[in-house]
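One letter stands for each residue in the lines below.
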Amino acid sequence: MKTHTVTVGDLMLKGGHLLIGGEHPVSVQTMCNTDTLDVAASVAQCERIAAAGAQLIRLTTQGLPQVRALAKIKETLSKRGIHIPLVADVHFSAATAMEAARVADKVRINPGNFSRDPSQAKALLATLLETCNLHHTALRIGVNHGSLPAHIMELYGDTPEGMCRAAMEYLTVCQELNFTNTVVSIKSSNTRVMVQANRLLVKHMEEAGMSYPIHLGVTESGNERQGRLKSAAGIITLLKEGIGNTFRVSLTEAPESEIRFGKLFLPLLATPATPTASADLWDQLIVSACYEWAPGLLDGTIDWKTLPMPFVEAPFATKEELTDFCMDLLQATRCVFTKPEYISCPGCGRTKYNLEETVRAVKAATSHLKGCTIAIMGCIVNGPGEMADAQYGYVGEGNEKITLYKGKIPVMRGIPQEEAVQHLLQLIESDQQHAT
Ligand code: SF4
């Protein structure tokens, strides 16, 4: 898709800006998982992320104290000669977004979270655009599967069409006010929904005469191989067909891992596509297998039942290892589910516990189960909305307490963290026993 260019950051600073869209190369970005108020830790993580090759870094900015901390982080990085553009991630407060727009190079919002009243949400967006204009700040409008406004849910449900309609409402405000410095994203943890929604968004934008660049991502994709496969399947499928100008691989791991893995996608976009060069042979296999197989598996043009097992080759792996790899690829592309499906957020400044350790513990305790989707989410504010269609949710409340969910319903609150994995296991096993 042909898009116009969005400018993020200060054009006068060498390396201090990023051009997204137009003829500019696809860029790779990530998000800090530090507490933004901890300026020293956030600066140190930004340094590591920049060294890994990130071109844009997002930080949680939930209120005015975080806006002030973001300004300090930016200033400190700049004094150290690191001029990477910073994005303020604002979820609910339009007032915070206005202040962040004076400080950050880009602000990420979902206007639907500003107000339940759609007209008011659009009015607040219009006011934010004025501030962005004044301070040359770029904007990302981010709409996620699982958190659509009520009026959209009523008309379209939680569908790719609904996600696009929500995004188009906000892009129309930008278009009417002639504000072009906007990037748009519509994300889902379901790779098929994510791919369909982005294709549909391109169609809607073209019909409306819009050319906003697109940020790609598979949300809450998890960790390790399963998380990498989901992210790579969704993002590479779209990049291969010319959709997407910047992306974030979302993993429940250190942000540097997201960058190192995401950078492996870029050689595939060269003409002709070139193999990736990595030290990690499995990561390389994930990327090349997704490039070759994910589009057909996601679209159903490849009948996975007719494929020989394993259907990928690699001299460094045994036949059994490759068969297991292929089953994970088939699960990531939602062809067949042979293991529990895990959804876990990457964590951010709102995370209320050690997410990486917890995801490993939940996986270790539940890997023998079949036919269930388990979400492990870092915070109670956004976690329940973002865990989409998970059957079970493990959500951090704060103060080392956990709430367990069945679907969207909290069924156990205030569980001490050290007991929560066991309670989750009992909950799932009891449901499965009743079902048999
Ligand atoms: S669910 Fe909460 S902790 Fe996890 S990424 Fe989203 S906002 Fe951050």
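Computed from a predicted model, the values in this text were never measured in an experiment.

> Please provide a residue-by-residue account of the sheet that holds strand 6 (residues 106-109), values included.
Pairing in this open sheet of eight strands is parallel, and the strands run 8-7-6-5-4-3-10-9 from one edge to the other. Of all strands in the sheet, those with a lone pairing partner are strand 8 (182-187) and strand 9 (215-216), marking the two edges. Pairing analysis gives six bridges linking strand 7 (residues 138-144) to strand 8, with the strands arranged parallel. Within strand 8, the residue paired with V143 across the bridge is I186. Running at roughly 150 degrees to strand 7, helix 4 (residues 118-135) makes contact with strand 6 and strand 7 of the sheet. Across the sheet, helix 6 (residues 160-176) lies against strand 7 and strand 8, angled at about 170 degrees from strand 8, the strand it touches most.

> Give a description of the packing of helix 2 (residues 64-79) against helix 3 (residues 94-103) that names residues and reports values.
Here helix 2 crosses helix 3 at 10 degrees, and the two axes come no closer than 9 Å. Taken together, the axes of helix 2 and helix 3 are roughly parallel relative to one another. Between helix 2 and helix 3 the crossing geometry is right-handed. Side by side, helix 2 and helix 3 meet where L64, V67, L70, A71 and K74 of the first sit next to A95, T96, E99, A100 and V103 of the second. Among the residues forming the contact of helix 2 with helix 3, the class breakdown is seven nonpolar, one polar and two charged.

> Go over the pairing of strand 6 with me, naming the residues and quoting the values.
Alternating residues of strand 6 divide into K106 and R108 and V107 and I109, and every residue in both groups is buried. With three bridges connecting them, strand 5 (residues 86-89) and strand 6 associate as parallel partners. Paired with V87 across the two strands is K106, which belongs to strand 6. After leaving strand 5, the chain enters helix 3 and then returns to the sheet as strand 6, a path that is right-handed. Here four bridges tie strand 6 to strand 7, and the two strands are oriented parallel to one another. Paired with V107 across the strands is L139, a residue of strand 7. A crossover connection joins strand 6 to the parallel strand 7 through helix 4; in handedness this β-α-β unit is right-handed.

Definitions and cut-offs
Residues numbered from 1 in each chain as written. Predicted model: local features only at pLDDT ≥ 70, side-chain atom pairs only at ≥ 80, totals over all residues. Heavy atoms only, no water. Pairing = 2+ DSSP bridges. Helix = DSSP H or I, 4+ residues; strand = E, 2+ residues; numbered from the N terminus. Contact = heavy atoms within 4.5 Å. Axes fitted to C-alpha atoms, helices over the stretch in contact; angles between N-to-C directions. Parallel < 35°, antiparallel > 145°, perpendicular 65-115°, else oblique. Left-handed = near helix turned anticlockwise from the far one by under 90°. Nonpolar A, V, L, I, M, F, W, Y, C, P; charged D, E, K, R; others polar. Buried < 20%, exposed > 50% of the residue type's maximum accessible area, 1.4 Å probe, protein only. Right-handed = clockwise from strand over helix to strand, strands pointing away.

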